[in-house]
Amino acid sequence: PEDPVEIRRIRITNPGETARLLELTSYAEVVLTSQANDEAHPAFSNLFVQTELLEPQCAILCARRARSPQEPTPHMVHLMIVDETATGKTSYETDRMKFLGRGRSIVNPAAMDQPALSGTVGSVLDPIVAIRRLVLVKPEQRATIHIVSGAAGSREEAIRLAVKYCDSRLADRVFDMA
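The structure presented is a predicted model; accordingly, all values stated were derived computationally and were not measured.

This paragraph deals with the environment of Gly 101. Note on placement: Gly 101 falls in the loop between α3 (96-100) and β8 (122-123). On the basis of relative accessibility, which here comes to 13%, the residue Gly 101 falls in the buried class. Here the alpha-carbon distance between Gly 101 and Ala 111, two residues 10 residues apart in the chain, equals 7.4 Å.

In structure tokens:
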């Protein structure tokens, strides 16, 4: 209720007797324009989106470059917070073609065959946000993952959202308030 964010909480419980190493990957397509503009010229609209990593927050920041001084510059942030079960490095992808692979689709993307995402950022032809984390769930334990997507009117506001919501206690607080 405080911020323009969507938070998805995933809880994974290991009822077994052996530890499980899981690879979790988020994926969302980036638009940052009105639905009408996107439907009219999707490839053209995507040319104005820039992406960058905010590694301390395990986040991807996206911005739509203004085509004129009067046009607003919307931003979005996408991050994945994993409790103490996280292991290894976080990997990122912002290029849809690299994520999907040649001749493949979202049903069977090439990225799922790779040990890590490529880390492509900047100006890409078809922007996405994808984050991959490894999670080790020990026997009889539970992992909690929060995937946060937020909208902002400026870069500073998007970074503020990333810093704020990279703390899983704040994500839990949002669920308590709801």
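Here the narrative resumes.
Our next topic: the sheet that holds strand β6 (residues 75-82). Taken in spatial order, the six strands of this open sheet run β1-β10-β6-β5-β4-β8, and their pairing is antiparallel. Either end of the sheet is taken by a strand with one partner, and the two such strands are β1 (5-13) and β8. Pairing of β1 with strand β10 (residues 142-152), which is carried by nine bridges, proceeds in the antiparallel orientation. Bridge pairing links Arg 11 to Thr 144 in β10. Sheet contacts for helix α4 (residues 155-165): β1, β4 (49-54), β5 (59-64), β6 and β10; angle to β6, the most-contacted strand, approximately 10 degrees. Strands β1, β6 and β10 of the sheet are contacted by helix α5 (residues 168-177), whose axis makes an angle of about 100 degrees with β1.

The next thing to look at is the nonpolar core. By size, the foremost hydrophobic cluster in this structure holds 18 residues, and its most contacted members are Val 30, Cys 62 and Ile 145. Broken down by secondary-structure element, the contributors of at least two residues to this core are β5, β6, β9 (127-137) and β10. Among the elements that take part in this core, β9 stands out by supplying four residues, more than any other. Here Ile 145 is in contact with Arg 8, Arg 9, Ile 10, Ile 12, Leu 24, Met 80, Ile 81 and Val 82, once residues within four sequence places are set aside.

Attention now moves to unusual backbone geometry. Phi is positive for Cys 58, which is not a glycine, with a value near 50 degrees. Turning to its location among the elements, Cys 58 is positioned in the loop between β4 and β5. A relative accessible area of 17% means that Cys 58 is categorised as buried. Even without a glycine there, the phi angle at Glu 140 is positive, about 65 degrees. For Glu 140, the position within the fold is in the loop between β9 and β10. Residue class for Glu 140 comes out exposed when judged on its relative accessible area of 61%.

Take the packing of aromatic side chains next. Two aromatic rings are characterised by how far apart their centres lie and by the angle between their planes. Considering all chains together, one arrives at one aromatic pair under this definition. Here Arg 9 stacks its cationic end above the ring of Phe 175, 4.0 Å away from the centre of that ring.

Our next topic: the pattern of salt bridges. For the structure shown, the criterion picks out 12 salt bridges. In this structure, Arg 104 engages Asp 113 in a salt bridge whose closest nitrogen and oxygen atoms are separated by 2.9 Å. On the basis of relative accessible area, Arg 104 is assigned to the partly exposed category, the value being 30%. Between Arg 169 and Asp 167 there is a salt bridge, with its nearest N and O atoms 2.8 Å apart. What emerges from the salt-bridge pattern is a single network uniting Glu 2, Asp 3, Glu 157, Arg 160, Lys 164 and Arg 173.

Bringing the pairing of β9 into the picture now. Buried residues dominate β9, accounting for nine of its 11 residues. Looking at chain direction, strand β2 (residues 20-25) and β9 are connected through six bridges and run antiparallel. Its bridge partner being in β9, Leu 24 is matched across the sheet by Arg 133. Two elements, strand β3 (residues 28-29) and β9, share two bridges in a ladder whose sense is antiparallel. Bridge pairing in β9 links Glu 29 to Ile 128.

Rules used throughout
Residue positions are given per chain, counted from 1 along the sequence in the order it is written. Confidence filtering applies because this is a predicted model: local features only for residues at pLDDT of at least 70, side-chain atom pairs given and counted only at 80 or more, and all residues used for totals across whole chains, interfaces and linings. Based on all heavy atoms of the structure, the side-chain values leave hydrogens and waters out of the count. Counting from the N terminus, the helices are DSSP H or I runs at least four residues long and the strands are E runs at least two residues long. Relative accessible area decides the class of each residue, using a 1.4 Å probe on protein chains only: under 20% of the type maximum gives buried, over 50% gives exposed, and in between gives partly exposed. Pairing between strands is defined by DSSP: at least two bridges between them are needed. It only takes one pair of heavy atoms within 4.5 Å for two residues to be counted as in contact. Fitted lines through C-alpha atoms give the axes, limited to the stretch in contact for helices. The angle between two N-to-C directions lies from 0 to 180 degrees. In this text, buried Ala, Val, Leu, Ile, Met, Phe, Trp, Tyr and Cys residues form a nonpolar core when linked through side-chain atoms within 4.5 Å. Classification of ring pairs rests on two measures: the distance between centres of Phe, Tyr or Trp rings, Trp counted by its six-membered ring, which must be within 6.5 Å, and the angle between planes, read as stacked under 30 degrees, edge-to-face over 60 and tilted in between. The criterion for a charge sitting over a ring is simple: Lys NZ or Arg CZ within 6 Å of the ring centre, and within 35 degrees of the ring normal. Only one rule defines a salt bridge in this text: a Lys or Arg side-chain nitrogen within 4 Å of an Asp or Glu carboxyl oxygen.

Honestly, that's just the spatial picture; any functional story needs more than this.
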